[in-house]
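Working through the structure, step by step
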Amino acid sequence: MQEQIINILADATGRDTADFNDPSQNLFESGLLDSMATVSLLLGLQDAFDVQVPVSEFDRSQWDTIEKIEERVKELQNA
């Protein structure tokens, strides 16, 4: 799942997958993820994992690392 998330992040940000080699790195603080790329990320996650991530309920602090993204996707899949 983590590899798939990294690929979605790379597509959403236009960056290389190698930029996302630290799953605990804060994606917003590092500048890898911004608000525009966040929307693309959420859409990509919805398509890839068949989950719904309402933008209105999006809390940046819960989605700021690859580890947290993976955890949230798993929670949404089990909801």
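Residues numbered from 1 in each chain as written. Predicted model: local features only at pLDDT ≥ 70, side-chain atom pairs only at ≥ 80, totals over all residues. Heavy atoms only, no water.

With an unreviewed UniProt entry as reference, the chain is termed D-alanyl carrier protein, source organism Limosilactobacillus walteri. You can read under Subcellular location (unreviewed entry) in the UniProt record for the chain the words "Cytoplasm". (UniProt positions renumbered as here; feature names shortened; annotations may be inferred.)

1. Brief notes about the UniProt feature "domain: Carrier" (unreviewed entry) in the chain
Under the local residue numbering, the UniProt record ascribes the feature "domain: Carrier" (unreviewed entry) to residues 1–77. Summarising residues 1–77: 51% helix, 0% strand, and an end-to-end C-alpha distance of 12 Å. (Helix = DSSP H or I, 4+ residues; strand = E, 2+ residues; numbered from the N terminus.)

2. Here's the deal with the nonpolar core
Counting 22 residues, the largest nonpolar core has Leu 9, Phe 20, Leu 27, Leu 41, Leu 45 and Ile 69 as its most contacted members. Looking at this core, the elements with two or more residues in it are helix H1 (2–13), helix H2 (35–49) and helix H3 (66–78). Here this core gets six residues from one element, more than from any other, and that element is H1. (Core = buried A, V, L, I, M, F, W, Y, C linked by side-chain atoms within 4.5 Å. Buried < 20%, exposed > 50% of the residue type's maximum accessible area, 1.4 Å probe, protein only.)

3. Some thoughts on the packing of H2 against H3
For any two helices packed against each other, the geometry comes down to the angle between their axes and how far apart the axes lie. One can describe the packing of H2 onto H3 by two numbers: an axis separation of 12 Å at closest approach and a directional angle of 45 degrees. Classified by the angle between their axes, H2 and H3 sit oblique to one another. H2 and H3 meet at a crossing whose hand is right-handed. Contacts between H2 and H3 involve Leu 41, Leu 45 and Phe 49 from the first element and Ile 69, Val 73 and Gln 77 from the second. Tallied by class, the residues present in the contact of H2 with H3 amount to five nonpolar, one polar and no charged. (Axes fitted to C-alpha atoms, helices over the stretch in contact; angles between N-to-C directions. Parallel < 35°, antiparallel > 145°, perpendicular 65-115°, else oblique. Left-handed = near helix turned anticlockwise from the far one by under 90°. Contact = heavy atoms within 4.5 Å. Nonpolar A, V, L, I, M, F, W, Y, C, P; charged D, E, K, R; others polar.)

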